[in-house]
Amino acid sequence: LKVVRDSGLPSSRHAFFMPNATGPCRFGSYAQAQHLAMKRMGMGDVPIMSPSSENSYLGMPSDARKQVWQGILCGDYLLKAQMRTRPYERNPGQVNAEAEKWIKRLESDFENTRDPKPTLESAVKAILSLPTVPGRKPLAGIVGEIYVRCDPFANAHVIDAIEEAGGEAWLSPFAEWILYTVWIERAHVRDRPEGLIERIINEFGNLYIDRQDREYHELMEPLLGDRMEPSMDSITEAGLEYIDHEFEGESVLTVGRAIRFFEEGADLVVNASPFGCMHGHISGSVFETIIAKYGRPVVTSFYDGTTKNTNIRSFILAAQKRAARNDRLRSAIA
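Structural notes, computed from the coordinates. Just so you know, these numbers come straight off a predicted model, no measurement behind them. Residue indices follow the written sequence of each chain, beginning from 1 at its first position. Whole-chain, interface and lining totals are the exception, using all residues; otherwise, since this is a predicted model, local features are given only for residues with pLDDT of at least 70 and side-chain atom pairs are given and counted only at 80 or more. The side-chain values count all of the structure's non-hydrogen atoms but skip hydrogen atoms and water molecules.

### Some remarks on the overall build of the chain
Strands are runs of DSSP state E lasting at least 2 residues, helices are runs of H or I lasting at least 4, and numbering of each runs from the N terminus. The secondary structure content of the chain amounts to 13 helices and 6 strands. Our radius of gyration looks at C-alpha atoms and nothing else; its globule reference is 2.2 Å times the residue count to the power 0.38. Against the 2.2 N^0.38 benchmark of 20 Å for 334 residues, the chain shows a C-alpha radius of gyration of 21 Å, consistent with a compact globule. With the C-alpha coordinates aligned to their principal axes, the bounding extent of the chain is approximately 65 × 45 × 40 Å. Long-range pairs, those at least 24 residues apart, make up 75% of the contacts in the chain with a sequence separation of at least 6. Residue-level accessible areas treat just the shown protein chains as cover; the underlying method is Shrake-Rupley with a 1.4 Å probe. Only carbon and sulfur atoms are counted for the fraction: they give 55% of the accessible area of the chain, which is about 16,600 Å². Across the chain, the mean location of the 39 positive side-chain charges is 6 Å away from that of the 45 negative side-chain charges. Only heavy atoms matter for contacts: two residues are in contact if any of them lie within 4.5 Å across the pair. The convention is simple: Lys and Arg are positive, Asp and Glu are negative, and His and the chain ends are not counted. By convention, charge coordinates are those of NZ in Lys, CZ in Arg, CG in Asp, or CD in Glu.

Here it is in C-alpha cells:
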C-alpha cells in the first residue's frame, strides 16, 4: 500500500510479486491477503504474480524466473555486506547510504538487462572498505519463517534491534528457500505426477538455479568468506536429525541452519515466525534440545504486527558477559 501511494502513479501501473506455498502454511495465504487489502483500499486492479513452491516456482516465464533469482542473490549478498560492516562502522549511517547508492545501480542493471554481477562485486567491495572500528560483537544468527524473517516491517526490524543492542546480525538469506524448493523437487521427483519430458524441463530450470548460485558464491567468497552460507545438503542434514523427512518446510531449515550457526560460532540464534505458525512452534520445541547441546540460547519470537524485539538486548548483554568471562579465563590459562 505504501509503495503504491508514495509512487504518485495510478494503481493500474503497478504489479507485485508474492510467491506462495501449499499445505498448512501461512506463506500460501499472503498473496490472497494482500490482494484483499489492496481491493479494500480501491486498488483491486493491482495484479499479484504468485507462483508456487510446489514445483520450485517453475510456473513463471523463464526470463522472469532468471531475473528474479539473480535479484534475490544480489539482494542477499548486498545485505550480507551491510550486516558484516554496519555494527563496526566508524561513521554511523555511512553503510546504509553507500548501499542505497549501489542499489540504484543494480536496479539500472536489471531494468536494462545487464549482468548485475560486476556491479554487485563493486558494491560489496565498497561497503566492506568503509572505515570501521576494531572489535568483535556478539553474533546473532536469524532463522525462521521465510517471509517474516526477511521482511523488516513484519519482524519489527529485528536486525536493527540486534545492532542497537550491541550485536552483529547474520540473517539466513531468502535464497535459502529457493534452493530448498529445488532440493525438495529433486528429493520427491518420483512421487510427483509429471511425465518424463516435464521432469527434464524442470531439471533444466533447476540446473540454472544451481549454476547461478555457484557463480555468485564463487564471486562473493573472497570478499565475504566468513559469512558465506553452508550448502543446502549441509543444512538439511543437520535439520533432518530432528525433523522427519516427510515434514517439508521451514522446520527443517530453521533447525538445521540454527545448528550450523552455532557450529560457525554464533553466540545466539533468533527464531522469527508469524504468530501461531505451525513450523515456528515445532522448531521451537526442538530448540530445547539444541540449547542444551550447544549451551547457547535460541530466542523464539512470534510476530503479530505489534510485537517488539524487547528481549533481544538482554540476550546480547549476556553474550557480551560470556565472551568477557571466556577472555579472562583464556588470559589466566596463558
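Let us keep going from here.
### Structural notes on the pattern of salt bridges
Criterion for a salt bridge: a side-chain nitrogen of Lys or Arg within 4 Å of a carboxyl oxygen of Asp or Glu. Under the criterion given, the structure shown has 19 salt bridges. With a shortest N-O distance of 2.9 Å, Asp267 and Arg136 are connected by a salt bridge. Taken as a pair, Asp267 in the loop between α11 (250–263) and β5 (268–274) and Arg136 in the loop between α5 (117–128) and β3 (139–144) lie far apart in primary sequence, 131 residues in all. A 1.4 Å probe rolled over the protein chains alone gives each residue an accessible area, and that area as a share of the maximum for its type sets the label: buried under 20%, exposed over 50%, partly exposed in between. The exposure class assigned to Arg136 is exposed, which follows from its relative accessible area of 54%. Between Arg260 and Glu263 there is a salt bridge, and its shortest N-O distance comes to 2.7 Å. With Arg260 and Glu263 both in helix α11 and 3 residues apart, the pair spans about one turn of that helix. Members of the salt-bridge network, linked through shared partners, are Lys80, Glu229, Arg257 and Glu264.

### Considering the layout of surface pockets
Of the two site types, the cavity is a set of points on a 1 Å grid over the protein atoms alone where a 1.4 Å probe fits but cannot get out, and the pocket is an open set with protein on both sides within 12 Å along at least five of seven lines, each lined by residues with an atom within 4 Å of a point. Grid points are joined across faces, edges and corners, and a volume is the space filled by probe spheres set on the points. Reported here for the second largest pocket is a volume of approximately 490 Å³. Considering the residues around the second largest pocket, the lining is formed by 22 residues, among which Leu179, Asp213, Pro230, Ser231 and Met232 are closest to the centre. Where the lining of the second largest pocket is concerned, the elements lending two or more residues are α3 (62–85), α8 (175–187), α9 (196–224) and α10 (232–239). Here the lining of the second largest pocket takes 6 residues from α8, the largest share from any one element. Any residue outside Ala, Val, Leu, Ile, Met, Phe, Trp, Tyr, Cys, Pro, Asp, Glu, Lys and Arg is labelled polar, Gly included; the first ten of those are nonpolar and the last four are charged. A breakdown of the residues in the lining of the second largest pocket according to their chemical character gives 11 nonpolar, 2 polar and 9 charged.

### Points about the pairing of β3
Summarising burial for β3: 6 of the 6 residues are buried, a large majority. Taking every second residue as pointing to the same face, both faces of β3 are buried, with Leu139, Gly141 and Val143 on one and Ala140, Ile142 and Gly144 on the other. Here β3 pairs with strand β4 (residues 168–171) via 4 bridges, running parallel. In the strand pairing of β4, Gly141 is matched with Trp170. When DSSP locates at least two bridges between a pair of strands, those strands are taken to pair. The pairing of β3 with β5 spans 5 bridges and is classified as parallel. Along β5, the bridge assignment pairs Ile142 with Val270.

### Describing the sheet that holds β3
Strands sit in the order β4-β3-β5-β6 across an open sheet of 4 strands; the sheet is parallel. For this open sheet the edge positions go to β4 and β6 (298–303), each flanked by a neighbour on one side alone. With strand direction ignored, the average angle separating the axes of adjacent strands in the sheet is 25 degrees. Pairing between β5 and β6: 6 bridges, direction parallel. Looking at β6, one finds that Pro274 is bridged to Tyr303. Interaxial angle, 0 to 180 degrees, is taken between N-to-C directions of lines fitted to C-alpha atoms, where a helix line uses only the stretch in contact.

### What to know about unusual backbone geometry
Positioned with a positive phi, Thr113 is a non-glycine residue whose angle comes to about 50 degrees. Topologically, Thr113 is positioned in the loop between α4 (94–111) and α5. The class of Thr113 is exposed, set by a relative accessible area of 66%. Positioned with a positive phi, Ala156 is a non-glycine residue whose angle comes to about 55 degrees.

### Comments concerning the packing of α11 against helix α12 (residues 278–294)
Packed helices, taken two at a time, are described by the angle their axes make and the gap between the axes. For the pair α11 and α12, interaxial distance at closest approach is 9 Å and the crossing angle is 25 degrees. Between α11 and α12, the angle is such that the two are roughly parallel. Both α11 and α12 take part in a crossing whose hand is right-handed. Facing Glu250, Ser251, Thr254, Val255, Ala258, Ile259, Phe262 and Glu263 of α11, the residues of α12 in contact are His279, Ile282, Ser283, Val286, Phe287, Ile290 and Tyr294. Per-class residue counts for the contact of α11 with α12 are 9 nonpolar, 4 polar and 2 charged. These descriptions rest on fixed angle ranges, namely under 35 degrees for roughly parallel, over 145 for roughly antiparallel, 65 to 115 for roughly perpendicular, and the rest for oblique. Left-handed describes a crossing whose near helix is turned anticlockwise from the far helix by less than a right angle; the clockwise case is right-handed.

Spatial relationships are all this shows, so hold off on functional conclusions.
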